Amino acid sequence: MQPILITSNLKKSYSLGVKHQINVLDNVDMVARRGEVIAIIGHSGVGKSTLLHLIGALDRPDSGSIEIDGHSILKYDDRTLARFRNLEIGFIFQFHHLLQEFTALENVMMPALISGKRLRECKSRAIQLLAKVGLNNRSDHKPGELSGGEQQRVAVARALMNAPKLILADEPSGNLDAKSANELHQLLWSLSRKEAQTIIVVTHNMELARMADRRIHLREGQAFEE
Ligand SMILES: Nc1ncnc2c1ncn2[C@@H]1O[C@H](COP(=O)(O)OP(=O)(O)O)[C@@H](O)[C@H]1O
Ligand SMILES: [Mg+2]
């Protein structure tokens with residue numbers, strides 16, 4: 001089967017002022033197949049978030065190519081890319097990035113509303129997803145009225161809203177206590193297994209990394225399979 005993600009020769013550097021440049025990713029080749037859970041590990045500052053942002057089309061590399069489900073996404077203009085991202089990629093960040101002034105239900109509905117689906121359809125799917133993550137009785141709460149673990153579960157439901165093929169998670173449990181972290185990991189796994197979605201998760205949590213199908217170690221700008 002065709003891989004869901006292929007990156008070839010990805011390079012990314014950041015300029016600091018006029019003179020300084022830091023080369024973060026030097027030559028990253030990686031492949032992810034449908035339904036796989038891949039953990040990305042590596043020291044702080046090695047470029048894990050940078051890599052996830054490139055894969056998720058939140059930023060562009062200096063050179064190299066990224067294919068998602070057969071689409072060379074770097075050839076897309078920004079508008080097409082935004083649409084592709086909305087439909088095909090789900091994001092879960094360490095700090096959930098929920099919209100504070102909206103309820104849990106509204107936050108979960110957001111990706112579908114942006115993609116132009118009908119309100120009633122969005123609402124019924126969002127209600128189902130909140131139930132799946134165990135928050136059916138919290139749908140009217142705003143993020144500030146939820147615990148950290150609950151907020152992350154809302155973020156998971158939101159990431160699943162448009163049924164993306166690829167879910168990218170950047171240290172999703174980095175901010176949670178051990179019990180909530182464990183619950184979040186189990187939840188992600190069971191959801192991805194049911195829907196054959198691919199999850200790429202950056203983590204410092206070795207227990208989580210061990211649960212993954214594969215581990216990719218980022219070191220000196222390159223990706224090594226463990
Ligand atoms: N927007 C940016 N501008 C300049 N430097 C950056 C920027 N984003 C990240 N960096 C630098 O790139 C390196 C990799 O960062 P990051 O991808 O966040 O690492 P990780 O997620 O592995 O901790 C770090 O040295 C960081 O300081
Ligand atoms: Mg990071």
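This structure is a prediction, so every number in the text was calculated from the model and none was measured. (Residues numbered from 1 in each chain as written. Chains lettered and ligands numbered in written order. Predicted model: local features only at pLDDT ≥ 70, side-chain atom pairs only at ≥ 80, totals over all residues. Heavy atoms only, no water.)

Visitor: Whenever I open this one, the side chain of threonine 7 confuses me. Can you help?
Guide: For threonine 7, the location among the structural elements is in strand β1 (residues 5–16). A polar contact is formed between the side chain of threonine 7 and the backbone oxygen of valine 28, at a distance of 3.0 Å. Non-local contacts of threonine 7, meaning those with residues more than four positions away in its chain, are made with Val28, Asp29, Met30, Ile55 and Ser65. (Helix = DSSP H or I, 4+ residues; strand = E, 2+ residues; numbered from the N terminus. Polar contact = N/O pair within 3.5 Å; in protein donor to acceptor, adjacent residues only side chain to side chain. Contact = heavy atoms within 4.5 Å.)

Visitor: Please clarify how the packing of helix α3 (residues 104–114) against helix α5 (residues 148–160) should be interpreted in this entry.
Guide: Packed helices, taken two at a time, are described by the angle between their axes plus the distance between the axes. Contact pair α3 / α5: the axes reach a minimum separation of 7 Å and the direction vectors enclose 30°. On the basis of the axis angle, α3 is roughly parallel to α5. Helix-helix and strand crossings are classified by hand; for α3 and α5 the assignment is right-handed. Note on element contacts: α5 touches α3 through Val154, Ala157 and Arg158, opposite Ala104, Asn107, Val108 and Pro111. (Axes fitted to C-alpha atoms, helices over the stretch in contact; angles between N-to-C directions. Parallel < 35°, antiparallel > 145°, perpendicular 65-115°, else oblique. Left-handed = near helix turned anticlockwise from the far one by under 90°.)

Visitor: Can you walk me through the site of ligand 1 in this structure?
Guide: Taken together, Tyr14, Leu16, Ile22, Val24, His43, Ser44, Gly45, Val46, Gly47, Lys48, Ser49 and Thr50 are the residues near ligand 1. Burial of ligand 1 by the protein chains amounts to 61% of its free accessible area of 560 Å². Breaking the shell around ligand 1 down by element, the ones donating at least two residues are β1, β2 (20–32) and α1 (48–55). With 3 residues, α1 is the single largest residue contributor to the shell around ligand 1. Residue classes in the shell around ligand 1 are distributed as 5 nonpolar, 6 polar and 1 charged. (Near = heavy atom within 4 Å. Areas by Shrake-Rupley, 256 points an atom, 1.4 Å probe, with all protein chains shown as cover. Nonpolar A, V, L, I, M, F, W, Y, C, P; charged D, E, K, R; others polar.)

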